[in-house]
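The residues making up each chain are set out below.
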Amino acid sequence: MFKTLDDLGSGKRVLVRLDLNSPVEDGIVKDNRRFTRHARTVHELVESGHRVVVMAHQGRPGRDSFVSLDQHADLLAEYVGTPVAFVDDVHGDRAIAAVRDLGAGEVLMLENVRMSEDELPEKTPAEHADSAFVRALAPEVDCYVNDAYSAAHRAHASLVGFPRRLPAYAGRVMESEYEANTSIASREFDGPVTMVLGGAKATDVIDVMSALDDEIDHYLLGGIVGELFLRAAGHDVGYDVDDGELYDHQWADNADRIRELLAERDDRIHLPVDLAYEHDDDRAEMPIEGVAKTHPLLDVGASTIADYGEIIEDSAAVFVKGALGVFEDERFSDGTVGVLESIASTDCFSVIGGGDTSRAIELYGLEEDYFSHVSIAGGAYVRALTGQTLPAVEALAENCRDR
Ligand SMILES: Nc1ncnc2c1ncn2[C@@H]1O[C@H](COP(=O)(O)OP(=O)(O)O)[C@@H](O)[C@H]1O
Ligand SMILES: O=C(OP(=O)(O)O)[C@H](O)COP(=O)(O)O
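Source: prediction; values computed, not measured. Every chain begins its residue count from 1, and numbering advances along the sequence as written. Naming scheme: in the order in which they are written, chains are lettered from A and ligands are numbered from 1. Per-residue local features of the predicted model are confined to residues with pLDDT of at least 70, and side-chain atom pairs are confined, for both listing and counting, to 80 or more; whole-chain, interface and lining totals are unaffected and use all residues. Excluded from the side-chain calculations are hydrogens and water; all other atoms, namely the structure's heavy atoms, are used.

1. Concerning the UniProt feature "binding site: substrate" (unreviewed entry) in the protein chain
Here, the residues flagged by UniProt with the feature "binding site: substrate" (unreviewed entry) are D19, L20, N21, R34, H57, Q58, G59, R60, R114 and R154. In DSSP terms, a helix is any run of H or I states spanning at least four residues, a strand is any run of E spanning at least two, and both are numbered starting from the N terminus. For R60, the location among the structural elements is in the loop between β4 (51-55) and α2 (70-80). Sequence-distant contacts of R60, defined by excluding residues within four places in its chain, comprise S65, F66, R114 and R154. The topology assignment puts R154 in the loop between β7 (143-146) and α6 (157-161). With sequence-adjacent residues up to four places away left out, R154 is seen in contact with R60, R114, L159, V160, R383 and P391. UniProt positions are given in the numbering used here, feature names are shortened, and annotations may be inferred rather than shown by experiment. Should any heavy atoms of two residues lie within 4.5 Å, those residues are considered in contact.

Written as structure tokens, this is what we have:
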């Protein structure tokens, strides 16, 4: 499919694209799993005596999270265990000078690539390869490594332009994410395949379900999405109370598709049989039969968790996208954590995806090793599950075919 670091050799000038896009609060970049993961790739490059030039993006122009990468350089350095120099320029004279100054085993991070006007325009890979950005940096390095799987659904200059001009390789994050996230399509599992679908984004879940058919034996639903399906099944839930804005607009946009999916896959879609809510500052539960929604429902209940656990126990593979409840509040973490614990206690192949959902792993003391793969991708993970190709992965594959 593509070449990897195993094919790269040593002592080269390497331009590596990472995805360090992070939450930013009051101008402070929050540490997260993307730093630890990409640090392993950078560390491997350093150990092989390469000169390492890092490209990455942060936020989008016009948003508060659109900030410099100077903090990212410091955070990455902590995990790589070696200094990461920073230059506040993407491909101008200062950037080029800093690249030329690099010694073997040294790391330099360029400024946020989205600060270059060449990064974001909608163009073909060939047009991106012809941009001033790519034409300035490509001659300064020997090869290009793309480790930014979680940004691979974007056809931006730093992701698709360089493979047109340089020998291109997949980094370790790119390699492992690609393998795990696309494994569902090949369906080489010796037993039932289960998908846990929750969270807040109905369109993501509907797209995933629409794209998959024979590949999946059980869909276990929860979260806001699960409630919308319950509404379609005739239960008196799945709408906003207390002036909320989580349900009604999603229902208006998606009700027909949800009804269709329920009708087509009734035997494979499992819905919560009980739900949890807040009562006197505590967690309370009620069975779905006869329920009328008078306050927010914040998690699936104990019977649902037990039912889902049994299905997971019998599964050969489990893919998770989205949380079953508001797990950030410990009182409503039982559904999400219960499902993760069920997966952890079996030896099934498992992929845990989604930026928010995967945070539950460290919040509740689970180990990443309990799962086959914990994805750091959001949009790219959903696209992989729906069988869509990712432009940056295509660019790597094409580079490999052309050589
Ligand atoms: N019943 C619920 N009510 C309100 N929020 C919920 C509910 N269930 C799940 N959530 C929220 O959904 C969020 C995750 O949604 P989403 O962004 O779709 O998942 P991910 O980022 O993991 O793909 C969590 O932060 C969680 O608090
Ligand atoms: O964080 C990212 O996507 P994600 O939130 O879907 O995981 C990527 O860095 C892509 O960023 P973008 O959605 O601003 O192009």
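There is more to say after this.
2. Considerations on the site of ligand 1
Taken together, 20 residues lie near ligand 1, and A200, L297, K321, E328 and T357 sit nearest. With respect to ligand 1, the backbone of L297 contributes an N or O atom lying 3.0 Å from a nitrogen atom. Think of a polar contact as two N or O atoms within 3.5 Å of one another; within protein, one of them needs to be a possible hydrogen donor and the other a possible acceptor, and neighboring residues in sequence only count if both atoms come from side chains. Between ligand 1 and the protein, one listed contact pairs an oxygen atom with a side-chain N or O atom of K321 at 2.5 Å. Starting from 580 Å² of accessible surface for ligand 1 in isolation, the protein chains cover 89%. Breaking the shell around ligand 1 down by element, the ones donating at least two residues are α9 (223-232), β14 (297-300) and α13 (355-363). When residues of the shell around ligand 1 are assigned to their parent elements, the largest contribution, three residues, is made by α13. Polar here means any residue other than Ala, Val, Leu, Ile, Met, Phe, Trp, Tyr, Cys and Pro, which are nonpolar, and Asp, Glu, Lys and Arg, which are charged; Gly is therefore polar. Class assignment of the residues belonging to the shell around ligand 1 gives a composition of nine nonpolar, seven polar and four charged. To be near a molecule or strand, a residue needs just one of its heavy atoms within 4 Å of it. What sets the accessible areas is the Shrake-Rupley method with a 1.4 Å probe; for residues, cover comes only from the shown protein chains.

3. What to know about α13
Owing to its 3.6 residues per turn, the α-helix brings residues three or four apart onto one side. Relative accessible area decides the class of each residue, using a 1.4 Å probe on protein chains only: under 20% of the type maximum gives buried, over 50% gives exposed, and in between gives partly exposed. Regarding α13, the residues found buried are T357, S358, A360 and I361. Buried residues along α13 cover an arc of 130° about the axis, so they all sit on one side. For α13, the secondary structure elements touched by its buried residues are α1 (33-47), β15 (317-321), α12 (334-344), β16 (349-353) and β17 (373-374). One or two positions beyond α13, positive phi appears at G365, with a value near 70°. The arc in question is traced by the directions running from the helix axis to the C-beta atoms.

4. Observations regarding the UniProt feature "binding site: ATP" (unreviewed entry) in the protein chain
In this numbering, the UniProt entry assigns the feature "binding site: ATP" (unreviewed entry) to E328, G354, G355, D356 and T357. In three dimensions, the annotated residues from a span of 30 residues occupy one location, with a maximal C-alpha spread of 14.4 Å. Within the fold, E328 resides in the loop between β15 and α12. Not counting chain neighbours up to four residues away, the residues in contact with E328 comprise R359 and Y364. Checked against the element boundaries, D356 lands in helix α13.

5. Describing the sheet that holds β7
In sheet architecture, strand pairing relies on hydrogen bonds along the backbone and comes in two forms, parallel and antiparallel. In this description, strands pair whenever DSSP reports at least two bridges between them. Strand order in the open sheet formed by six strands is β5-β6-β4-β1-β7-β8, and the pairing between neighbours is parallel. In this open sheet, the two edge strands, each paired with only one partner strand, are β5 (84-87) and β8 (168-170). Averaged over all pairs of adjacent strands, the angle between strand axes in this sheet comes to 25°, irrespective of strand direction. One ladder, built from three bridges, connects β7 with β8; its direction is parallel. Across the sheet, V145 pairs through a bridge with Y169, a residue of β8. Contacting β5 and β6 (107-110), α2 runs over the sheet at an angle of about 170° to β5. Axis definition: a line fitted to C-alpha atoms, limited for helices to the stretch in contact. Angles are taken between N-to-C directions and run from 0 to 180 degrees. Across the sheet, helix α15 (residues 391-402) lies against β7 and β8, angled at about 125° from β8, the strand it touches most.

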